[in-house]
Amino acid sequence: MILRAVLCGCGAMAKGWLKAIAANRELQSSIRIVGFVDVNIDAARALAREFDIADVIIDSDLDAVLSETKPDLLFDIVVPTARHEVVAAGFRHGCHVLSEKPMATSLAAGRELIRLAGEAGKIHAVVQNRRFISGVRRIRRFVESGAIGKLTGLHCDFFIGAHFGGFREEMDNVLLLDMAIHTFDAARFIADKTPLAVYCHESNPRGSWYAHGAAANAIFELSDDVTFTYRGSWCAEGANTSWESQWRIIGTEGTLLWDGAESFQANRVAGSEGFFRELLPIEVPEPADRAETHGHASVIADFVAAIRSGKKPETASDDNINSLAMVFAAIESARTRQRVTI
């Protein structure tokens, strides 16, 4: 069965979605784009031309396009402030909805979208594509294996000087709200723990080209006495980390280092004497399923599979709201300069 889809929001992010679909043979045969919606009609037309997608309805009125095309899916790629209205429209018209992150601009709005999805009997999922990459899948499998004992801590560094222009440079809490959620969600996935509380300090460093909150340092308390720390900046010039952050994963019996790209280094305690115990290097296993390591394409494929099987997708909104809660708790902690429970 081919699923008919309308894409709402035809800016730069939309190209990533369409490239992912075009590069995946299964998605190509599963999804047919039948409509483009954007407040800028020229941008929507240009996107259709760029990807050679013909016989589509193009308009700035989402309700009109949904009424005319009667799609199965709505791809929501709009700016966060427009998300609630777009997703709600999708449910009104009987669509399953896949949204860009963050899923909402507040926890209350996120809960409302979960409620609307339940009432409509439709799936709402979020593109948390960073958990669908090889490195993150490998670390989750490694931690689950017990290779370094029981997990005690995850520590991440994210330092990139990113000059986007556009809406990000005018956002409040730009790092926490627009980018850190990727790392928070990946940490929650790797640890398989519940976030309980956070203390966060947020700043906009001297020389920042963002309006607000380009840097943050956060300490999260997770269940089972696991600690997750995050140090990040989007205006740190001179020595960029990976977009996936640099990671140190600590267990009761060893440590794993990941550079966010291809380099893994893991050691397990092998001796029982001496000031520093003898260490044994250990291998990090490959992902259990390569199909789960293709970023956007894997998220979209998981969404499509959930629709067809009736199973819950991995990034369903009623689960992803836990990652969003980490973000808003960190923002609240930075605002109040206090520890905030999640």
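Structural data are supplied above this passage.
Residues numbered from 1 in each chain as written. Predicted model: local features only at pLDDT ≥ 70, side-chain atom pairs only at ≥ 80, totals over all residues. Heavy atoms only, no water.

(A) Quick look at the sheet that holds strand E3 (residues 57-59). Strand order in the open sheet made by the 6 strands is E3-E2-E1-E4-E5-E6, with parallel pairing throughout. Pairing within the sheet leaves two strands with one partner each, and these edge strands are E3 and strand E6 (124-126). When strand polarity is set aside, the average angle formed by the axes of neighbouring strands in this sheet is 25°. Its contacts with the sheet put helix H4 (residues 62-69) on strand E1 (3-8), strand E2 (31-37), E3 and strand E4 (73-76), and the angle it makes with E1 is roughly 170°. Its contacts with the sheet place helix H9 (residues 296-309) against E1, E2, E4, strand E5 (96-99) and E6, and it is angled at close to 165° to E5. (Pairing = 2+ DSSP bridges. Helix = DSSP H or I, 4+ residues; strand = E, 2+ residues; numbered from the N terminus. Axes fitted to C-alpha atoms, helices over the stretch in contact; angles between N-to-C directions. Contact = heavy atoms within 4.5 Å.)

(B) Geometry of the nonpolar core. Counting 62 residues, the largest nonpolar core has Leu154 and Phe228 as the members making the most contacts within it. Residue contributions to this core peak at 13 residues, all from helix H8 (residues 174-191). The residues contacting Leu154, other than those within four sequence positions of it, are Ala187, Ile190, Ala191, Leu222, Val226, Thr227, Phe228, Thr229, Trp247, Arg248 and Ile249. Of all hydrophobic cores here, the second largest spans 34 residues; its members include Leu27, Phe75, Ile300 and Phe303. (Core = buried A, V, L, I, M, F, W, Y, C linked by side-chain atoms within 4.5 Å. Buried < 20%, exposed > 50% of the residue type's maximum accessible area, 1.4 Å probe, protein only.)

(C) Spotlight on the sheet that holds strand E7 (residues 151-159). The sheet built from 9 strands is open, its strands ordered E14-E13-E12-E11-E7-E10-E9-E8-E15 with mixed pairing. Looking at which strands have only one partner, the edges of the open sheet turn out to be strand E14 (279-281) and strand E15 (340-341). By the bridge criterion, 3 bridges tie strand E13 (residues 264-269) to E14 in an arrangement that is antiparallel. Within E14, the position partnered with Arg268 by the bridge is Leu280. Contacting E7, strand E11 (246-251), strand E12 (254-258) and E13, helix H7 (residues 134-145) crosses the sheet at an angle of about 175° to E12. Against the sheet, helix H10 (residues 317-336) contacts strand E8 (195-203), strand E9 (215-222), strand E10 (226-233) and E15, and its axis sits at roughly 50° relative to E8.

(D) Local environment of the packing of aromatic side chains. Tallied over the entire structure, the rule returns 13 aromatic pairs. Note on Phe275 and Phe276: the rings are 4.9 Å apart at their centroids and 80° apart in plane angle, and the pair reads as edge-to-face. Taken as a pair, Phe275 and Phe276 share a single burial class, namely exposed. In this structure an aromatic cluster arises from ring pairing among Phe158, Phe164, Trp209, Tyr210, Trp234 and Trp243. The positively charged end of Arg137 is found above the aromatic ring belonging to Phe132, 4.4 Å away from the centroid. One residue, Arg140, lies across the ring of Phe189, its end atom 4.6 Å from the ring centre. (Phe/Tyr/Trp six-rings, centres within 6.5 Å; stacked < 30°, edge-to-face > 60°. Lys NZ or Arg CZ within 6 Å of the ring centre and 35° of its normal.)

(E) Expanded view of unusual backbone geometry. Between Lys101 and Pro102 the backbone carries a cis peptide bond, its omega angle lying at -10°. Note that Pro102 resides in the loop between E5 and helix H6 (107-120). If you check the backbone angles, Asp224 has positive phi at about 60° while not being a glycine. With relative accessibility at 58%, the residue Asp224 sits in the exposed group. Even without glycine at this site, Asp225 takes up a positive phi of about 60°. Within the element layout of this structure, Asp225 appears in the loop between E9 and E10.

(F) Representation of the packing of helix H5 (residues 83-92) against H6. Closest axis-to-axis distance for the H5/H6 pair is 10 Å, and the angle between their directions is 10°. One element, H5, and the other, H6, form an angle in the roughly parallel class. Residues His84, Val87, Ala88 and Phe91 of H5 pack against Ala109, Glu112, Leu113, Leu116, Ala117 and Ala120 of H6. A class-by-class count of the residues in the contact of H5 with H6 yields 8 nonpolar, 1 polar and 1 charged. (Parallel < 35°, antiparallel > 145°, perpendicular 65-115°, else oblique. Nonpolar A, V, L, I, M, F, W, Y, C, P; charged D, E, K, R; others polar.)

(G) Spotlight on the packing of helix H1 (residues 12-22) against H9. H9 packs onto H1 with a crossing angle of 75° between their chain directions and a minimal axis gap of 8 Å. Comparing the axis directions of H1 and H9 gives the class roughly perpendicular. Contact residues: H1 offers Gly16, Trp17, Ala20 and Ile21, while H9 offers His296, Ala297 and Ile300. Taken together, the residues that form the contact of H1 with H9 break down as 5 nonpolar, 2 polar and no charged.

(H) Layout of the pattern of salt bridges. All told, the structure shown has 25 salt bridges when counted by the stated rule. Residues Lys15 and Glu50 are paired through a salt bridge, measuring 3.4 Å at the closest nitrogen-oxygen approach. Of this pair, Lys15 sits in helix H1 while Glu50 sits in helix H3 (residues 41-50), and the two are 35 residues apart along the sequence. On the accessibility criterion, Lys15 (32% relative accessible area) is partly exposed. Among the ionic pairs, Arg140 bridges to Glu144, the shortest N-O distance being 2.8 Å. In this pair, Arg140 and Glu144 are both assigned in helix H7, 4 residues apart and thus about one turn of the helix distant. Given the relative accessible area of 17%, Arg140 is considered buried. Of the residues examined, Glu144 reaches a relative accessible area of 54% and is grouped as exposed. (Salt bridge = Lys/Arg side-chain N within 4 Å of Asp/Glu carboxyl O.)

Honestly, that's just the spatial picture; any functional story needs more than this.
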